[in-house]
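# A look at the structure
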Amino acid sequence: MRTVLPLGDEAADLATAGGKGASLAKLTRAGLPVPGGFHITTGAYRAFVSAFRDEIDPGDPAAVAELFARHEIPGDLAASIRAAYEALGDGLGDGVPVAVRSSATAEDLPGMSFAGQQDTYLNIRGDGLLDAVRRCWASLWNARAIAYRERNGVPHDDVALAVVVQELVDADAAGVMFTANPVTGALGETVINASWGLGEAVVGGQVTPDTVVVTSGAVTEARTGDKAVMTVRTEGGTEERPVPEELRRAAVLDEAQAVELAALGARVQELYGTPMDVEWVRRGGAFAIVQARPVTGVKPRTEEWNDSLRGDYLWTGGNLGEAIPDVMTPATWSFVRMFIHEAMSASTLPGFDLVGNIGGRFYMNLSVTFSVARALGMSGRLSAVEQVFGRLPAGLEPPMLDVSRWRIVKAVVPMALAIRKRVREHLRAMPAFLAGAARRGEELRARVAATATPAELDALWSREIEPYFVTACRMLEAAGRQGGSTLVYTRDNLRRLVGEADAEAMLTGVNSDGELASLGLLTGLGRLARGEITRDEFARAYGHRGPHEFEVSMPRPGEDPGWIDAQLAGLRDLREDTRALLARQEKAREAAWARFAERHPRRLAGMRARVRRWNAVVRDREATRSEVIRAFWVLRAFVVRAGELTGHGDALFFLAVEEILDVLGGDAAALANVPVRRATYERYAALPPYPALIVGRFDPVRWAADPDRRADLYDARGGGTPVSDTVTGFPGAPGVVEGVARVLSGPEDGDRLKPGEILVTTLTNVGWTPMFPRAAAVVTDMGAPLSHASIVARELGIPAVVGTGNATMRLRDGDRIRVDGERGTVDLLGG
């Protein structure tokens, strides 16, 4: 246990250093001007009170103070505190005056401020330090602190007190700064209170300070207060003295100083991503920060991310939306738009909104698909749409585009011809691309890490990163379009000839002629668990895949040893490992082919060729998709490095790629948008996942507040289709299983799924794959026969029903259910 930490130590978090200490550590690490000092941790407090903790009575604060005063700080702890103190002020030791401030674990939190509830001691020197620390600890139990915790529902047993010891700046002026107007809530206004001397007179309310308002880098309002008293240092501590007459009504800050201080406040707000209450001091014209906490009571301004307001369309979160399940940061959305532009040529048609951002989540516009099919006389082939995006509820009529048939034909036909040519060209280049893509991605991440200046990183983007990303996207388009309708109609033909179960069995084996990328994460973990590969080899080969693989603000599994450890732990209690599941499915596949040969001997050779083609198309599609995700890892590395080189850190996740490039070029104007975008992202991320299907204009916040909201469908036209009382969907993989339903909201809850239970969730993607072998069956709200859950469950021989629309609404955690993967039904069992 570490009892004393340097002020900027990475270990100084809320639990260890309290709210005030954690904030000062963060400010120090960010390079902001903070007086030197150290933390006395909550572990030190607990060690001190361990001998008498049971004697502390919250109902008698005076007795608690006396109890603390009777106990000496243990010798080894006292020695550590003295050593840290003696190192301050370039080793001046006992001559350094310090401020000794409490820092509680329930302090300086968003929405709750414990400011002033515990005690602070100023101008402490030498032997007085240990006594001040002990009195600080005792103040956790003063009447103010106890009452405040009780009013806010904070249990007394849940708090501990750290102490921050800082060099005391002999300030000629000090005050408080709010980076948003605390009265009006205006986020564009920085409000500064300033007075003479140390800041205690302002914080304690003993003086009417000057008030200066700074907006967009200029003073827009200034009021000079009548500053009657000031706090000053004395030999014995501090005291209040009258302000000299010539200073009482004189402005503490001139305009230039106010603007400089506001700019410092903007840096603090950017660091935290929320309006801040900052305590500052000035000495000899230089400013320093002595405390910063989130402003309470100010609702941050947000903006609207909602493409459903464009018109009356049918939007789906299926297919690609399953792979991008998170609320996207602006950086991610800008990269996804680039991806769509290159991988889905139809998105470039002017006037056709093929994809959209609804409350930060990715959706595709099915009204475009249905309108194009009708205009081209292909409505009878819309079953292909179901196999990719999922089935529409019975009776749901998709709104059509308000565009003439001729305009659609005129736009689509030339584009289709151009796509065919483009796909042929890219298919020729695909084998070479896949052969070198993994190595290229690793090289580019290393080169990103090696850049030394913003200009160097900017040049690397345009010269190598962007072309690499564009190529990966184009290869995915080519892989997905090769073979025309092979993916859809091969499966339909087989089902007509041999039925659901044998058709699904015959379509497995994608992994047998080369690794299926969707299974790579799972097979890679198995190889790692068996010692066949090292962690480093696993990270290089599979570390780009995970549950949040498109979101560039989130670490990849290859960056997160804890994620790998959790998945390996989950493999230890499997009923059957992946190899056994694949071997069992191979026997089922061979038996199905034997039955086919008996019934249709003349069709056997042709059907084998078609299924080999099916397997190759699926394998190529999944392989190129995997390389696109590897490219997203490079994009993440690019944004992280840009934040490091410019000093703006994770703020760059809230900028589009074009704005990030501007910042690298020295134009930081877009950073002014970061607080609003961060607040918008956090507002949307706090909401439950939106419906799989949305018709018309949709308000995510209002929908989330509706107790009768549906997770399957929102139809702004009213009426709509009723929620089905039965749970049915696509047969994802055949087989009948009975067991306990384990309803999971996200892959992070995967440790709740016990071997033999039935996984029930909204959607799955590659990041869910490691838990599939534990599941007796899989049931999802979203999905289709060509979705991730279907492909992986089919390969592993795990019964699955996908695209039910209502499983998570109708099934409860712990229900006993029967899953029929051949009929696509889920039944609730009694008892």
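Residues numbered from 1 in each chain as written. Predicted model: local features only at pLDDT ≥ 70, side-chain atom pairs only at ≥ 80, totals over all residues. Heavy atoms only, no water.

This paragraph deals with a positive patch on the surface. Side chains of R420, K421, R424 and R428 sit close together on the surface and give a patch of like positive charge. By the element assignment, R420 lies in helix α15 (residues 405–450). Given the relative accessible area of 56%, R420 is considered exposed. (Patch = residues over 30% accessible without salt bridge, like charges linked within 9 Å, V, L, I, M, F, W, Y side chains within 5 Å. Areas by Shrake-Rupley, 256 points an atom, 1.4 Å probe, with all protein chains shown as cover. Salt bridge = Lys/Arg side-chain N within 4 Å of Asp/Glu carboxyl O. Lys, Arg positive; Asp, Glu negative; His and termini not counted. Charge placed at Lys NZ, Arg CZ, Asp CG, Glu CD. Helix = DSSP H or I, 4+ residues; strand = E, 2+ residues; numbered from the N terminus. Buried < 20%, exposed > 50% of the residue type's maximum accessible area, 1.4 Å probe, protein only.)

Counted according to the given criterion, the structure contains four cavities of 30 Å³ or more. Where the lining of the largest cavity is concerned, the elements lending two or more residues are α11 (320–323), α23 (604–646) and α27 (788–796). Among the elements that line the lining of the largest cavity, the one with the most residues is α23, at three residues. By residue class, the composition of the lining of the largest cavity is five nonpolar, six polar and six charged. (1 Å grid on protein atoms, 1.4 Å probe; cavity = no way out; pocket = protein on both sides within 12 Å on 5 of 7 lines; lining within 4 Å. Points joined across faces, edges and corners; volume = space filled by probe spheres on them. Nonpolar A, V, L, I, M, F, W, Y, C, P; charged D, E, K, R; others polar.)

We now examine the sheet that holds strand β6 (residues 173–178). If you walk across this open sheet you meet the six strands as β9-β8-β7-β6-β12-β13, and the pairing is antiparallel. In this open sheet, the two edge strands, each paired with only one partner strand, are β9 (218–223) and β13 (286–294). Recorded for the sheet is a direction-independent mean angle of 20° between the axes of neighbouring strands. Contacting β6, β7 (189–196), β8 (210–215), β9, β12 (276–283) and β13, helix α10 (residues 255–272) runs over the sheet at an angle of about 40° to β13. (Pairing = 2+ DSSP bridges. Axes fitted to C-alpha atoms, helices over the stretch in contact; angles between N-to-C directions. Contact = heavy atoms within 4.5 Å.)

Position of R282 relative to the elements: it lies in strand β12. Side chain to side chain, R282 and D172 meet in a polar contact 2.9 Å long. One polar contact links the side chain of R282 to the main-chain carbonyl oxygen of V252, over a distance of 2.9 Å. If we ignore the near neighbours within four places in the chain, the residues touching R282 are A171, D172, A173, W196, V252, L253, Q257 and F287. (Polar contact = N/O pair within 3.5 Å; in protein donor to acceptor, adjacent residues only side chain to side chain.)

This part takes up unusual backbone geometry. Phi angles above zero are rare outside glycine, and N123 is one such case at about 55°. Exposure remark for N123: the relative accessible area of 4% places this residue in the buried category. Even without being glycine, S216 reaches a positive phi, approximately 50°. With respect to the element layout, S216 can be found in the loop between β8 and β9.

It is worth spelling out the pattern of salt bridges at this point. Enumeration over the complete set of coordinates arrives at 49 salt bridges. For R530, the salt bridge identified is with E532, shortest N-O distance 2.8 Å. On the accessibility criterion, R530 (35% relative accessible area) is partly exposed. Given the relative accessible area of 44%, E532 is considered partly exposed. We note a salt bridge from R823 to D820, for which the minimum N-O separation is 3.4 Å. On the accessibility criterion, D820 (10% relative accessible area) is buried. Taken together, the shared-partner salt bridges connect R439, R440, E443, R447, R463 and E464 into one network.

Here the focus is the confidence of the model for the protein chain. Summary statistics for the protein chain give a mean pLDDT of 86 and a share of 92% for residues scoring 70 or more. Within the protein chain, helix α8 (residues 200–203) has the poorest average pLDDT of any element, 65, and helix α24 (residues 657–664) the best, 98. Taken together, the stretch residues 107–117 has pLDDT below 50 and engages in 36 contacts with residues farther than four places along the chain or on a different chain. (pLDDT = per-residue confidence, 0-100.)

Once that is clear, we can look at the sheet that holds strand β3 (residues 98–104). Strands sit in the order β1-β2-β5-β3-β4 across an open sheet of five strands; the sheet is antiparallel. Of all strands in the sheet, those with a lone pairing partner are β1 (4–6) and β4 (120–124), marking the two edges. Each strand of the sheet is rotated relative to its neighbour by a mean of 20°, with strand direction disregarded. Sheet topology places strand β2 (residues 37–40) next to strand β5 (residues 161–167); four bridges connect them, and they run antiparallel. Residue pairing for β5: H39 is matched across the bridge by V164. Seen against the sheet, helix α4 (residues 75–86) touches β1, β2, β3 and β4 and runs at an angle of roughly 165° to β2.

Here α15 crosses α23 at 15°, and the two axes come no closer than 9 Å. For the element pair α15 / α23, the angle class is roughly parallel. In the crossing of α15 with α23, the sense of the turn from one axis to the other is left-handed. Judged by residue contacts, M430, F433, L434, A437, A438, G441, L444, R445, V448 and A449 of α15 engage D620, A623, T624, E627, R630, W633, V634, A637, F638 and R641 from α23. By residue class, the composition of the contact of α15 with α23 is 13 nonpolar, two polar and five charged. (Parallel < 35°, antiparallel > 145°, perpendicular 65-115°, else oblique. Left-handed = near helix turned anticlockwise from the far one by under 90°.)

A separate point is the nonpolar core. Among the nonpolar cores identified, the biggest contains 95 residues, and F335, F339, F362, F632 and F638 are the most heavily contacted of them. With 12 residues, the top contributor of residues to this core is helix α16 (residues 454–481). Y542, M607, V618 and V802 belong to the second-largest nonpolar core, a separate cluster that totals 49 residues. (Core = buried A, V, L, I, M, F, W, Y, C linked by side-chain atoms within 4.5 Å.)

A few words now on the side chain of N193. Tracing the backbone shows N193 in strand β7. A polar contact is formed between the side chain of N193 and the side chain of T211, at a distance of 3.2 Å.

Moving on: the packing of aromatic side chains. Under the criterion given, the structure shown has 20 aromatic pairs. For the pair F52 and F68, a centre-to-centre distance of 5.3 Å together with 80° between the ring planes defines the contact as edge-to-face. Taken as a pair, F52 in the loop between α2 (42–49) and α3 (61–70) and F68 in helix α3 lie far apart in primary sequence, 16 residues in all. You can call F68 buried: its relative accessible area is 1%. Ring geometry for F469 against F632: centres 5.4 Å apart, planes inclined by 90°, an arrangement best described as edge-to-face. Pair noted here: F469 is in helix α16 and F632 is in helix α23, with a separation of 163 residues, a long-range link. The class of F632 is buried, set by a relative accessible area of 0%. Aromatic ring contacts, followed pair by pair, group Y45, F48, F52, F68 and W137 into a single cluster. It is K26 that lies over the ring of Y272; its NZ or CZ is 4.4 Å from the centre. (Phe/Tyr/Trp six-rings, centres within 6.5 Å; stacked < 30°, edge-to-face > 60°. Lys NZ or Arg CZ within 6 Å of the ring centre and 35° of its normal.)

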